[in-house]
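# Commentary on secondary and tertiary structure
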Amino acid sequence: MLLIISFIIVSFFFFILFSLFHILFLQKLRYCNCEICHAYLTSSWRKDFINLSDWYTHLLRRSPTSTIKVHVLNSVITANPSNVEHILKTHFHNYPKGKQFSVILGDLLGRGIFNSDGDTWRFQRKLASLELGSVSVRVFAHEIVKTEIETRLLPILTSFSDNLGSVLDLQDVFRRFSFDTISKLSFGFDPDCLRLPFPISEFAVAFDTASTLSAKRALAPFPLLWKIKRLLRIGSEKKLKESINVINRLAGDLIKQRRLTGLMGKNDLISRFMAVVAEDDDEYLRDIVVSFLLAGRDTVAAGLTGFFWLLMRHPNVENRIREELDRVMGTGFDSVTARCDEMREMDYLHAALYESMRLFPPVQFDSKFALNDDVLSDGTFVKRGTRVTYHAYAMGRMDRIWGPDYEEFKPERWLDNDGKFRPENPVKYPVFQAGARVCVGKEMAIMEMKSIAVAIIRRFETRVASPESIETLRFAPGLTATVNGGLPVMIQERSQDS
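Every value quoted in this text rests on a predicted model; they were computed, and no experiment measured them.

About the criteria used
- Residues numbered from 1 in each chain as written.
- Predicted model: local features only at pLDDT ≥ 70, side-chain atom pairs only at ≥ 80, totals over all residues.
- Heavy atoms only, no water.
- Buried < 20%, exposed > 50% of the residue type's maximum accessible area, 1.4 Å probe, protein only.
- Helix = DSSP H or I, 4+ residues; strand = E, 2+ residues; numbered from the N terminus.
- Arc of directions from axis to C-beta.
- UniProt positions renumbered as here; feature names shortened; annotations may be inferred.
- Axes fitted to C-alpha atoms, helices over the stretch in contact; angles between N-to-C directions.
- Parallel < 35°, antiparallel > 145°, perpendicular 65-115°, else oblique.
- Left-handed = near helix turned anticlockwise from the far one by under 90°.
- Contact = heavy atoms within 4.5 Å.
- Nonpolar A, V, L, I, M, F, W, Y, C, P; charged D, E, K, R; others polar.
- Core = buried A, V, L, I, M, F, W, Y, C linked by side-chain atoms within 4.5 Å.
- Salt bridge = Lys/Arg side-chain N within 4 Å of Asp/Glu carboxyl O.
- Pairing = 2+ DSSP bridges.
- Polar contact = N/O pair within 3.5 Å; in protein donor to acceptor, adjacent residues only side chain to side chain.

## Structural notes on helix H4 (residues 81–90)
Taken together, the buried positions of H4 are Asn83, Val84, His86, Ile87 and Leu88. Buried positions in H4, seen along its axis, are confined to an arc of 165 degrees and lie on one side of it.

If you want it as C-alpha cells, here you go:
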C-alpha cells in the first residue's frame, strides 16, 4: 500500500511539472517567437548543427555587430572584441558574476573564486595569485607533473603500445592525469586515478555529475522547473544533491586530515589557504578547493583533448614540434620530460597549444550579469539583470578577428618573424579571460599541458582509432568542453632513430 501511495504522489508531481513546463513553453513562445528564440526552445537548430556553440557561431557570424540577443534566456551573446573589453575591463564593475549565477552554481561552487564577487572574490584572487606565483609552489607543481608523467603516464602508454590493436581513450587519460595532479597540488592527496585497470574514483564521478547538471541549470530556459525539482528533491536535482554530498564528505575528510597532520612545511594549496582562513570555516575552504579542482582538472584535460585531435589531423605540425624538441632537448629518448628552462624555448609548441585553444577553448563561453542598464561598445543596449556572454569558441572562428584563414590550424599565426611566440590581445583571445579576472593559474596550466605534450609527442605516435567516428567533435553539456565519446586513439612507441 505504501509503495502504491508513493507511486501516486511521484506521478502527481511529474504531472504537475509536465503541465508547468507546457505552460511556460507556450508563454515563452508568446513572449518571443523570433527565429533565434523559436529555434532554441524547439531545439530545431539541431537539424543543421552538432553543437550549440556551432549554432551560436553561425548566428554571431551572421550578425553585423557579432552580437545577438536570445530573449527567452534574457541573454546577450557577443563575439565582438570591443564588447569583451567593455565587459571585462572598462566597465568591469557593472558586470559581476551576479546573484543569478551564485544561485545556479552555488550548490557546487559555493563562495569559490568562480562564483563570487566583491571582497570574497578579491581575497581569494589575491591569495591565489600570491601562492600560484610563488617559486616554491611552481617548483612543487612541476615536480608533481614530472612524477605523474614518468611513473604513470608513460608506463600506461607503453603498455597500450605493446598490445597491438588496443584502443585508449586519450581524453579519459588526460582527465585522470589532471585529477591526480590537481588533487596532489590542492589537497596533498593522491587519488591514484591514472593506473591500470583504470579505477573509478567516487570523487571524480561525483564531480563530473555535479558539473554537468549545474551547467544544465545555466542553459535552462525555464529556471523555475529546476528550482521546483530541487525543492522536491527529484530527478536531476536529486542526482545533483547526491553528487555534492559526496564532494562535501570527501573534501571535509581531507580538510580534517590536514588539520590533524599539521600545516608546517606543506606546499599544497589547502594548507596555505588554511593558514589564513578562519579555523572553523571548513565550508569556505571546501568552496575554494572545489573551484581549484574545476579549474585545474577539467580545463587542462579539455585543452589537451582538442590539441591532440588537431595534431592527429595535421602531421606537419606534429613534425615541426618534434624538430623543436630535438633542437631544445637533444635527439633520442634519454629525456622525455622537459625542464622549465627548456619549455621556455619551445615557441612553436607554445604557439600550437594557443592555436588549438583558439579553435577549442576549454571554457567555450563565460557569462556575467549586468548590474545596471548599459550600452555595449557596438551599440547594443543591455538592460539591468541581463546575462551577458562573451563566446570564446565563436570568437576563434570569426574571419573578422582572425582573417580568411580562420578555419585553419596554423600555429605560425602566433609567431613573429624571428619564430618567437607573440601573444594576442586577451580581448581578442579571451581563453584565459582578461582584465581583473584574468586566469591566475594560466602559467601553471600551460606548464602542465606543455609537459604532457612533450612526453607524448617525443616518445609516441598517436592516431585516431576510427577517424570517421569523430570527424567533428561533439561536446557534452558541462562547465568545460568535454567531448562526447572521448578521444579513442591507437598508440605506437617510436623507434629511437625515427
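## Quick word on the UniProt feature "binding site: heme" (unreviewed entry) in the protein chain
The residues that UniProt annotates with the feature "binding site: heme" (unreviewed entry) are Cys439. Relative to the helices and strands, Cys439 resides in the loop between helix H18 (399–402) and helix H19 (442–459).

## Considering the packing of helix H7 (residues 135–162) against H19
H19 packs onto H7 with a crossing angle of 30 degrees between their chain directions and a minimal axis gap of 10 Å. In this view, H7 runs roughly parallel relative to H19, as classed from their interaxial angle. For the crossing formed where H7 meets H19, the hand is right-handed. In this structure, H7 contributes Val137, Arg138, Ala141, His142, Val145, Ile149, Leu153, Leu154, Leu157 and Thr158 to the contact, and H19 contributes Glu443, Met444, Met447, Glu448, Ser451, Ile452, Ala455, Ile456 and Arg459. Residues of the contact of H7 with H19, tallied by class, amount to twelve nonpolar, three polar and four charged.

## Points about the packing of helix H13 (residues 282–313) against helix H16 (residues 347–359)
It is at 9 Å that the axes of H13 and H16 come closest, and there the two elements cross at 105 degrees. The angle between H13 and H16 places the two elements in the roughly perpendicular class. Contacts between H13 and H16 involve Gly303, Phe307 and Leu310 from the former and Leu349, Ala352, Leu353, Ser356 and Leu359 from the latter. Split into classes, the residues belonging to the contact of H13 with H16 amount to six nonpolar, two polar and no charged.

## Quick notes on the nonpolar core
Ranked by size, the top nonpolar core spans 153 residues in total, and within it Trp55, Tyr56, Leu153, Phe307, Phe308, Ile321 and Met346 carry the most contacts. Counting residues per element, this core draws most heavily on H13, at 18 residues. The contacts of Phe308, once residues within four sequence positions are left out, are Leu170, Phe174, Ala453, Ile456, Ile457, Thr462 and Leu487.

## Considering the pattern of salt bridges
All chains considered together, the criterion is met by 36 salt bridges. For Arg322, the salt bridge identified is with Glu461, shortest N-O distance 3.7 Å. Of this pair, Arg322 sits in helix H14 (residues 315–329) while Glu461 sits in strand E8 (residues 460–464), and the two are 139 residues apart along the sequence. Since its relative accessible area comes to 8%, Arg322 is described here as buried. Taking relative accessible area as the criterion, Glu461 reaches 25% and is therefore assigned partly exposed.

## So, the sheet that holds E8
Pairing within the open sheet is antiparallel, and its three strands lie in the order E3-E11-E8. Both edges of this open sheet fall to strand E3 (168–169) and E8, since each of them pairs with a single strand only. In terms of strand pairing, E8 meets strand E11 (residues 488–493) through five bridges, oriented antiparallel. Across the sheet, residue Val464 finds its bridge partner in E11, namely Val489. Contacting E8 and E11, H19 crosses the sheet at an angle of about 95 degrees to E8.

## Structural notes on the sheet that holds strand E7 (residues 387–390)
Spatially, E1-E2-E7-E4 is the arrangement adopted by the four strands of the open sheet, whose pairing is mixed. Where the open sheet ends on each side, the last strands, each with one partner, are strand E1 (67–70) and strand E4 (366–369). Ignoring strand direction, the axes of neighbouring strands in this sheet form an average angle of 25 degrees. In terms of strand pairing, E4 meets E7 through four bridges, oriented antiparallel. Within E7, the residue paired with Ser367 across the bridge is Thr389.

## A word on the environment of Leu260
Within the secondary structure, Leu260 sits in helix H11 (residues 235–261). Classification of Leu260 as exposed rests on a relative accessible area of 70%. Sequence separation between Leu260 and Phe369 is 109 residues, and the spatial gap between their C-alpha atoms is 41 Å.

## Structural notes on the environment of Arg463
Within the secondary structure, Arg463 sits in strand E8. Once the C-alpha coordinates of Arg463 and Phe177 are considered, the two residues, 286 residues apart in sequence, prove to be 20 Å apart. Not counting residues up to four positions away in its chain, the partners in contact with Arg463 are Met312, Glu318, Val489 and Met490. A distance of 3.2 Å separates the side chain of Arg463 from the side chain of Glu461, its partner in a polar contact.

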